Amino acid sequence: MKTIKDVASLSECYDLLIIGAGPAGMVAAATGAEQGLSTLLIDENPAPGGQIYRGITTTPVAAKETLGADYWRGTDLVHALTASDAVYAPETTVWSVGPAAEGTSDPGRMEVGVSVGGAARLIQARQVIAATGALERPFPIPGWTLPGVMTAGGAQIALKTSGLVPDGRVVVAGSGPLLYLLTAQLRAAGATISVMLDTTPLENWGRAIRHASDFLRSPYLGKGLKLLLGAERGMRIVRGVTAISANGDSQVKSVRFRHGSKEEELPCDVLLLHQGVVPNINLANAVGCALDWDEDQLTWVPQTDDWYETSVKGFAIAGDGAGIGGAESAALRGRIAALGAGHRLGRLSANDRDQRAAPVRAELMRASRGRRFLDVLYRPAKAFRIPKADDTIVCRCEEVTAGKLRETVALGVTGPNQMKSFLRCGMGPCQGRLCGLTVTELIADARGVPPTEVGGYRLRPPIKPITLGELAALPKTPAAIKAVER
Amino acid sequence: MFRRLPDLGGETVNFTIDGRPATARLGDTVAAALLASGMESCRTTPVSGAPRAPYCMMGVCFECLVTINGIGNRQGCLIPVAEGMAVETQKGARAIASEYSAKGDAA
Amino acid sequence: MTQNIETHFESEIAVIGGGLVGSATAYGLARRGARVLVLDEGDIAYRASRGNFALVWVQSKGLGMPEYAAWTKASAEQWSTLAKSLRDETDIDVAHHQPGGFVLCLSEAEMEARINAMRRLHNQPKMVQYPYEILDHNETKRRLPAIGSDVVGSVFCPLDGHVNSLRLFRALHTAMARLKVDYRPNSPVESIRPDHDGFLINGPWGQARVQKLVLAAGLDNARLAPMVGLHAPVRPSKGQVIVTEKAAPFLHHPMVTVRQTDEGGVMIGDSQEDLDFDTVVTPPVISLMAQRAVRMFPLLAGLNVVRTWSALRVMSPDGFPIYDQSQSCPGAFVVTCHSGVTLAANHTLTLAHHILEGVLPASLEAFSSRRFHVSSAA
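As recorded in an unreviewed UniProt entry, chain C goes by the name FAD-dependent oxidoreductase, listed as coming from Microvirga aerophila.

An unreviewed UniProt entry annotates chain A as FAD/NAD(P)-binding oxidoreductase of Microvirga aerophila.

Okay, here's the thing in structure tokens:
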């Protein structure tokens, strides 16, 4: 593996360009290089691993049992990447992907805008695989913008990369397998969690049970039981929590919650929120990939074929960015996507490709078993997706509340894009990552129509920050001069 | 808000927060270093002036925006802290006019 | 779509199009007590209103049609009345400011071309009078300290200004709702048929019967106008826009291509391409726009871009608005322009009145689409 740390050292064009160095991206890069493709792996973090294996080559948390065996499995993926001929560009962002300008020799090429250390450049790629992973589902409760309130995943990253644990009275709240995992990791590292507020709707159990047989034969079962039993020891767990708010002026001071008919308020210094993860589709959306609403995972999922190629030719999505499946599944899907790209580039015959992919697909089938049970069981409650209280902030950047959104639906605004124009929601620096799903679901709910009818934000580049100075330094064309210098 | 686990080893990095000396562990991002320093918030918003602190730690929420070496609105969770780095908390919208004149004075 | 049940409704007057032009007109009609129906498209549409640059702009408008200069100036002069009326009606402050605006020039050639254009504009017969100043670098710098050394000079006009156009859009819709305008989103219009004493409007949503009709459907006016004996040969003109993160206020006047919004973001715009309905953002164009903005104001170089987008202006063959009443179907009007913000005040305060009266005044005759088929009329 060759590491590049400045834009000037990048080639003009790569056969395969991969965005994101998590499990899917690392495996896709190694698989691309293994086929002899010139392969570039771009990642915005300083070291490979993505979020699930964040800091795997640098973590100061030496005791293996703290982060657990599943975390350390990432080491093999890093080794495979390091041993490959792929080019790796850390601390590098991709801010746009689009069709290459007319006049290039190969019309199928894509043009990728990259930025490293304050300098931007446009390079080309014959195939692109976005391995942009997942992000935590928005958790819009009253007070979620207060300092002291973070995502549980955020606390996990602080642990992995810096050996930091939350201090004082720590409350974790939400639902999903990762919540239990993160809690176990934090406790193993020495954090004291005062209480866990489990928001899994009790009625989900009844629905999930239908999918239990697969789950009982899946590796999730053993892991899940261990986490559940572990959690019961030495920590209060409140189940069936139906409302949560964080309170304080400049910092969270207490958390108030309801379970059954009871209301409680507990002092709190750190509140960690988590209710599952959703695909990070900002790039796919800006590129113009067709997206579908997934009613189980309650999120937008890009349409992909058997090789994870999207509706945009030459642009594939591997890993959780194409639908949540977890780290193991992501790595397998990274391999399949890179084999598909190799075939499209004429490097592998269809037969070769299929043969190489067959065992990976078998393993993927096994790794995905039981997933549906988890999706159904941990489908977050409506009250935590669509805030009931009108003063709850939905768009954190522009500070737009649920009440304002509902009021504007009543004016006749039928979708998130007109909503953006009216209220600026989704127009801040996070570009709707933290409010997009909520805004779609809230409008759908207020109008009494399904989210597919409402749609999502339409995004445009840059999907990562780029300065005007960087943009100004890019090449111009005669057509651009005609369009601007009139 | 956060504490460091004992016996981590590793090198120490000296930097400043709003001019006050602080230390971090080599490999920390600016946001992690701020959490470790016990700092409550890293900025106030340009919309209402409400205080905010790092939220996602993975570059998606843009809550950990701080001024680093005189440049505002940098994502603290993506930038490794470096020896001698000057980190400043932000109040409201980025003050580009004073950033620019400070840069001119330094040059 | 779920709308398989046909809707039938009636109203005094229908406005087709709920963008800035349609909603400003509808608001004006409703303020005068008319019962108004607005038929609009949905969340995804070619909406010039979401892509405009929010200027209330007078200088440089009207070369080739002095009536347009006068109409523009009149709108600029009554813009504070519109802003006040919207605030009274809705409590929404649309951040209307007319502190005067600049066109900055980055070369002697640009400066000369600009000065010539201003002279030609103001030397036209029947041209309305208003002040403007030609400023050299030093005088421009005195008034705009943030400019860079590449700025050769500027043209300043004290009438120019800007608003928060998204808030204007919301204020107009809020005002319409207060005045009981029947606003119907997701209601595309398929056909319009003159009927005795009015019009029948059809779409997948059903049918509406109205006495009067205003076509304010932007680019779709080209298709709709002939249905009622009108002519609106408009074409898309693509404009790309860059917007930055919020910055503390540093720019207190609008430029024709750069402005800081009341919320702090900096908008950079004014590219123009004729590429049919293509709305892709292209790096070379936004790069050049960014470069020119940074040359104008070097302190912008470090600002992060939050979004770029493109939208389609609604361009008539000569670039001027079209205001017309159908001769074969009286009661049907067409309203189309690419300055929905600047002209909003006229649309609400003046045009709506004439539409209700049923007669467009002589002062608006120049805007009739008859100007596009002079030869066939002759």
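Draft legend 1. Spotlight on the overall build of chain A. Helix and strand content of chain A: 20 helices and 24 strands. For 486 residues, the compact-globule formula gives about 23 Å, and the C-alpha radius of gyration of chain A, at 23 Å, lands near that figure. Here the C-alpha coordinates of chain A stretch approximately 70 × 55 × 40 Å along the principal axes. Sequence-distant contacts in chain A: of pairs separated by 6 or more residues, those separated by 24 or more amount to 67%. The distance from the centre of the 53 positive side-chain charges to the centre of the 48 negative ones in chain A is 1 Å.

Draft legend 2. Quick peek at the overall build of chain C. For chain C, the helix and strand inventory stands at ten helices and 17 strands. Taken over C-alpha atoms, the radius of gyration comes to 21 Å for chain C, in line with the 21 Å a tight globule of 378 residues would show. Across the 378 residues of chain C, 63% fall into the buried class. For chain C, the proportion of contacts with a sequence separation of at least 24, taken over those separated by at least 6, is 74%. Summed over its atoms, the accessible surface of chain C is roughly 14,000 Å², and 51% of this surface lies on carbon and sulfur atoms.

Draft legend 3. Representation of unusual backbone geometry. Residue and element names in this part refer to chain A. Across the junction of P461 and P462, the peptide omega takes the value 0°, indicating a cis bond. Here the phi dihedral of Y308 falls at roughly 65°; this positive angle occurs in a residue that is not glycine. Structurally, the position occupied by Y308 is in the loop between β20 (299-302) and β21 (315-317). In the Ramachandran plot, Q431 falls in the positive-phi region, its phi being about 55° despite a non-glycine side chain. With respect to the element layout, Q431 can be found in the loop between α16 (416-423) and α17 (436-447).

Draft legend 4. How the structure looks around the side chain of D43(A). All names here are of chain A. If you trace the backbone, D43 turns up in the loop between β3 (39-42) and α2 (64-67). Nearest to the buried, unbridged D43 among oppositely charged side chains is R54, at 7.2 Å. Of note is the side chain of D43, whose polar atom sits 3.0 Å from the backbone nitrogen of N45. In this view, D43 contacts G20, A21, Y88, A89, P90, E91 and T92; residues no more than four positions away in its chain are not counted.

Draft legend 5. Layout of the interface of chain A and chain C. Between chain A and chain C, the contact holds 44 residues from the first and 48 residues from the second. Each partner contributes to the roughly 4,000 Å² buried at the junction of chain A and chain C, and carbon and sulfur atoms together form 59% of this total. Remark: the boundary between chain A and chain C carries three salt bridges. Of the charged contacts in the structure, one is a salt bridge between E398(A) and K246(C), with a shortest N-O distance of 2.5 Å. Within the residue set of the side of chain A that touches chain C, elements represented by two or more residues are α16, α18 (451-454), β24 (466-467), α19 (468-472) and α20 (478-484) of chain A. Of the residues forming the side of chain A that touches chain C, the biggest block, six residues, is contributed by α16(A). Of the residues assigned to the side of chain A that touches chain C, the class counts are 22 nonpolar, eleven polar and eleven charged.

Draft legend 6. A look at the packing of aromatic side chains. Across all of its chains, the model carries 14 aromatic pairs over all chains by this definition. Between W293(A) and W300(A) the ring centres are 5.1 Å apart and the planes differ by 75°, which places this aromatic pair in the edge-to-face class. Where Y323(C) meets F367(C), the ring centres are 5.4 Å apart and the plane angle is 75°; that geometry is what we call edge-to-face. Within this pair, whereas Y323(C) is found in strand β16 (residues 322-325), its partner F367(C) is found in the loop between α9 (344-357) and α10 (374-377), the two being separated by 44 residues in sequence.

Draft legend 7. Spatial organisation of the side chain of S23(C). Tracing the backbone through its elements, the reader meets S23(C) in helix α1 (residues 20-31). Not counting chain neighbours up to four residues away, the residues in contact with S23(C) comprise G17(C), G18(C), F169(C), L172(C), H173(C) and M176(C).

Draft legend 8. A look at the sheet that holds strand β2 (residues 12-17) of chain B. Residues and elements named next belong to chain B. On the basis of which strands lie adjacent, the open sheet formed by five strands has the order β3-β2-β8-β6-β7 and mixed pairing. Where the open sheet ends on each side, the last strands, each with one partner, are β3 (20-25) and β7 (71-75). Direction aside, the axes of adjacent strands within the sheet are offset by 40° on average. Of the strand pairs in this sheet, strand β6 (residues 65-68) and β7 are connected by three bridges, and their pairing is antiparallel. Each residue of the ladder has a partner; that of I68, found in β7, is I71.

Draft legend 9. Fine view of the interface of chain B and chain C. The interface of chain B with chain C comprises nine residues on the first partner and eleven residues on the second. Between chain B and chain C, a total of about 840 Å² is buried, with carbon and sulfur atoms accounting for 64% of that surface. For chain B, the biggest contributors to the area lost against chain C are R94(B), I96(B) and Y100(B); these three give 59% of the whole. Among the salt bridges present, the one from E245(C) reaches R94(B), with a minimum N-O distance of 2.5 Å. The element contributing the most residues to the side of chain B that touches chain C is helix α2 (residues 96-106) of chain B, with three residues. In terms of residue class, the side of chain B that touches chain C is built from seven nonpolar, one polar and one charged.

Draft legend 10. Region of interest: the domain arrangement of chain A. All names here are of chain A. Domain annotation of chain A identifies domain 1 (2-135 + 278-348), domain 2 (138-275) and domain 3 (386-454). When each unit is reduced to the centre of its C-alpha atoms, the spacing between domain 1 and domain 2 is 30 Å. Contacts between the two partners involve 14 residues from domain 1 and, on the opposite side, eleven residues from domain 2. Both sides together, the interface formed by domain 1 and domain 2 hides about 1,100 Å², and carbon and sulfur atoms give 59% of it. The largest share of the area that domain 1 buries against domain 2 comes from R54, T66 and L67, three residues that together contribute 42% of it. For the interface between domain 1 and domain 2, the tally reads one salt bridge. Of the charged contacts, one joins D70 and K223 as a salt bridge, the two residues approaching to 3.2 Å between their closest N and O atoms. On inspection of domain 1 and its partner domain 2, the count reaches five residue pairs in polar contact (both at pLDDT 80 or more). Here the side of domain 1 that touches domain 2 is composed, by residue class, of six nonpolar, five polar and three charged.

Draft legend 11. View of the confidence of the model for chain C. For chain C, per-residue confidence averages 94 on the pLDDT scale, and 97% of positions sit at 70 or higher. Note that pLDDT drops below 50 for residues 1-5 of chain C; the model gives that stretch four contacts with residues more than four away or on any other chain.

Draft legend 12. Just the pattern of salt bridges, in detail. All names here are of chain C. In the structure shown here, the tally under the stated rule is 56 salt bridges over all chains. Residue K238 pairs with D278 through a salt bridge whose shortest N-O separation is 2.5 Å. Placement of K238 in strand β12 (residues 235-246) and of D278 in the loop between β14 (265-268) and α8 (283-296) is noted, with a sequence separation of 40 residues between them. For D278, a relative accessible area of 29% corresponds to the partly exposed category. Between R370 and D324 there is a salt bridge, with its nearest N and O atoms 4.0 Å apart.

Draft legend 13. Main features of the nonpolar core. Counting 229 residues, the largest nonpolar core has I129(A), L197(A), L271(A), F315(A), V36(C), W79(C) and L168(C) as its most contacted members. The element contributing the most residues to this core is helix α11 (residues 327-344) of chain A, with nine residues. When near neighbours in sequence (up to four residues on either side) are disregarded, I129(A) contacts L16(A), L17(A), I18(A), I19(A), A28(A), A316(A), A318(A), A337(A), A338(A) and A341(A). Formed by 42 residues, the second largest nonpolar core is a distinct cluster that contains W95(A), A472(A), L474(A) and F250(C).

Draft legend 14. Summary view of the pairing of strand β16 (residues 262-267) of chain A. Sheet analysis places strand β15 (residues 254-259) of chain A next to β16(A), joined by six bridges and oriented antiparallel. When the sheet's bridge partners are listed, R256(A) is paired in β16(A) with E265(A).

Draft legend 15. Structural detail: the sheet that holds β14(C). Strand order in the open sheet formed by five strands is β24(A)-β15(C)-β12(C)-β14(C)-β13(C), with antiparallel pairing between adjacent strands. Of all strands in the sheet, those with a lone pairing partner are β24 of chain A together with β13 (258-260) of chain C, marking the two edges. When β12(C) meets β14(C), the two strands line up antiparallel, connected through three bridges. Paired with K246(C) across the bridge in β14(C) is G265(C).

Draft legend 16. A look at the domain arrangement of chain C. All names here are of chain C. When cut into domains, chain C gives domain 1 (7-52 + 166-234 + 318-373), domain 2 (101-158) and domain 3 (235-315). Between domain 1 and domain 3, the C-alpha centre-to-centre distance is 29 Å. Domain 1 puts 15 residues into the contact, and the matching count from domain 3 is 14 residues. Both sides of the domain 1 and domain 3 interface together cover about 1,100 Å² of buried area, and 67% of this is carbon and sulfur. Applying the counting criterion to the domain 1 and domain 3 interface returns two salt bridges. Across the contact surface, domain 1 and domain 3 share two residue pairs in polar contact (both at pLDDT 80 or more).

Reading the values: rules and limits
Residues numbered from 1 in each chain as written. Chains lettered and ligands numbered in written order. Predicted model: local features only at pLDDT ≥ 70, side-chain atom pairs only at ≥ 80, totals over all residues. Heavy atoms only, no water. Helix = DSSP H or I, 4+ residues; strand = E, 2+ residues; numbered from the N terminus. Rg over C-alpha atoms; globule rule 2.2 N^0.38 Å. Contact = heavy atoms within 4.5 Å. Lys, Arg positive; Asp, Glu negative; His and termini not counted. Charge placed at Lys NZ, Arg CZ, Asp CG, Glu CD. Buried < 20%, exposed > 50% of the residue type's maximum accessible area, 1.4 Å probe, protein only. Areas by Shrake-Rupley, 256 points an atom, 1.4 Å probe, with all protein chains shown as cover. Salt bridge = Lys/Arg side-chain N within 4 Å of Asp/Glu carboxyl O. Polar contact = N/O pair within 3.5 Å; in protein donor to acceptor, adjacent residues only side chain to side chain. Buried area = accessible area lost by both parts, 1.4 Å probe. Nonpolar A, V, L, I, M, F, W, Y, C, P; charged D, E, K, R; others polar. Phe/Tyr/Trp six-rings, centres within 6.5 Å; stacked < 30°, edge-to-face > 60°. Pairing = 2+ DSSP bridges. Axes fitted to C-alpha atoms, helices over the stretch in contact; angles between N-to-C directions. Domains from an automatic or database assignment. pLDDT = per-residue confidence, 0-100. Core = buried A, V, L, I, M, F, W, Y, C linked by side-chain atoms within 4.5 Å.

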